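Tertiary structure, described
In case you want the letters, here they are:
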2 protein chains.
Amino acid sequence: MRREEIIEEFLDELASASPVPGGGGASALAGACGCALAAMVCSLTVGKKRYQAVEEEIRADLAYLNEMRGIFLSFMDKDEEVFLPLSKAYALPKETEEEKASRDQVMRELLKNAAEVPLRLLELADTVLDTVLDVAEKGSRLAISDAGVAAAFMETCASGAVLNVRINTRVLKDEEMKNYLEERTEKLYRSASEKCAKIRGIVAGR
Amino acid sequence: MRREEIIEEFLDELASASPVPGGGGASALAGACGCALAAMVCSLTVGKKRYQAVEEEIRADLAYLNEMRGIFLSFMDKDEEVFLPLSKAYALPKETEEEKASRDQVMRELLKNAAEVPLRLLELADTVLDTVLDVAEKGSRLAISDAGVAAAFMETCASGAVLNVRINTRVLKDEEMKNYLEERTEKLYRSASEKCAKIRGIVAGR
């Protein structure tokens, strides 16, 4: 099968009404694309005389980005693992008081898990953005636009993760947990957005 | 081969030093992902009693988004078609005056082509965002976060396209063409960004 056909097949699944892959898996994929693009800038920098002074750092960035790319991809599975049981639990009976209480109990646990996975994805995006920033500052100028596209993908990963935390926390009945998750999300998103803005500035300047 | 392996293979290619796929192809892929996610919201809306009043519009949006997804993917090839000859032309000799003049002539044409393709991609993203906006307004509330992730992907497509116009126009020696391309790019990007902001507002509100 040709690469295009596989990509089309994946996008067909994404476009379908089936619960996964959805926005969560797509956000994880965006993070993986961001890593790959930043790694490309590193690949185009190492071994170049002009960038000899930063060779070692860029090599370390490259190895790190390739490792993190795998972690981002593993979040596509994690998203499915927490989302599938949740999409089934929504269909649990809620006629009697007993059924309602039991459903509430199940939902509380599943919603917490379903919010925690994108929160960890957001943490990852925020952390990896430090390396994308380093690559944008030190990498080959010839590939600087790719560092900018890498940051844009990482921003999609982060903002997608935020939406996927919130769609779960907004129906979470455990107020303390809800507040904790939402505050942490907001803080991380602010941090990630600031790094993306900084990268955009560096890219425009170089 | 499993889906994950194919995605990894594609990302390996992206991360490599080979000229394509790069930021241009990845931007086109982001647009295709945006279409697929917005289509998913449509798929989760059609046939639902609660959304009967908008059934016809959402069906039309779904058909349109699936068609446009194919157009976005075709831009991955278009990007390779204009970028490969350009990456070769950079290596043309420029020792004698004659060589310089001939190289300039070739570069001018290739840079114009290489800037026009992402400009058309940007136009497409701006146009398709009208439909994503419609989906965010009328589609199922249960999938509203996916409409938000769709907009984030479309924004990455648009901002990636802008970077890919500029990396070519900044070395274009035809000032009139350069100004025309850059002004049109700025105008379209402003329009696309406004639509994305509007969608974010709708998603947060619903």
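Small disclaimer: the values here were computed from a predicted structure and weren't measured.

Along chain A, the regular secondary structure elements total 6 helices and 0 strands. Ordering the α and β elements of chain A from the N terminus gives α-α-α-α-α-α. Viewed in the frame of its principal axes, chain A has a C-alpha envelope of about 75 × 45 × 25 Å. In chain A, which comprises 206 residues, the proportion classed as buried is 54%. When contacts within chain A are restricted to residue pairs at least 6 apart in sequence, long-range pairs at least 24 apart make up 80% of them. Entry remark: accessible area of chain A is about 9400 Å², with carbon and sulfur atoms responsible for 52%. Treating the 28 positive side-chain charges of chain A as one cloud and the 36 negative ones as another, the clouds have centres 6 Å apart.

Time to look at the side chain of T185 of chain B. For T185 of chain B, the location among the structural elements is in helix α6 (residues 175-205). Contact partners of T185 of chain B, with chain neighbours within four places excluded, come to L119, L122, V162 and V165 of chain B.

Contacts between the two partners involve 53 residues from chain A, matched on the other side by 53 residues from chain B. In total, chain A and chain B occlude about 4000 Å² of area from one another, counting both sides; carbon and sulfur atoms represent 67% of this. The shortest N-O distance in the salt bridge between D12 of chain B and R69 of chain A comes to 2.9 Å. At the surface where chain A touches chain B, the tally comes to 11 residue pairs in polar contact (both at pLDDT 80 or more).

All right, on to the pattern of salt bridges then. Should their charged atoms come close, side chains of opposite charge can pair. Summed over all chains, the structure comprises 25 salt bridges over all chains. Residues E109 of chain A and K112 of chain A are paired through a salt bridge, measuring 3.9 Å at the closest nitrogen-oxygen approach. Taken as a pair, E109 of chain A and K112 of chain A lie in helix α4 (residues 97-138) at a separation of 3 residues, close to a single helical turn. Classification of E109 of chain A as partly exposed rests on a relative accessible area of 45%. On the basis of relative accessible area, K112 of chain A is assigned to the partly exposed category, the value being 21%. The partner of K195 of chain B in a salt bridge is D126 of chain B, and the shortest N-O contact between them spans 3.1 Å. Within this pair, whereas K195 of chain B is found in helix α6, its partner D126 of chain B is found in helix α4 (residues 97-138), the two being separated by 69 residues in sequence.

Conventions we followed
Residues numbered from 1 in each chain as written. Chains lettered and ligands numbered in written order. Predicted model: local features only at pLDDT ≥ 70, side-chain atom pairs only at ≥ 80, totals over all residues. Heavy atoms only, no water. Helix = DSSP H or I, 4+ residues; strand = E, 2+ residues; numbered from the N terminus. Buried < 20%, exposed > 50% of the residue type's maximum accessible area, 1.4 Å probe, protein only. Contact = heavy atoms within 4.5 Å. Areas by Shrake-Rupley, 256 points an atom, 1.4 Å probe, with all protein chains shown as cover. Lys, Arg positive; Asp, Glu negative; His and termini not counted. Charge placed at Lys NZ, Arg CZ, Asp CG, Glu CD. Buried area = accessible area lost by both parts, 1.4 Å probe. Salt bridge = Lys/Arg side-chain N within 4 Å of Asp/Glu carboxyl O. Polar contact = N/O pair within 3.5 Å; in protein donor to acceptor, adjacent residues only side chain to side chain.

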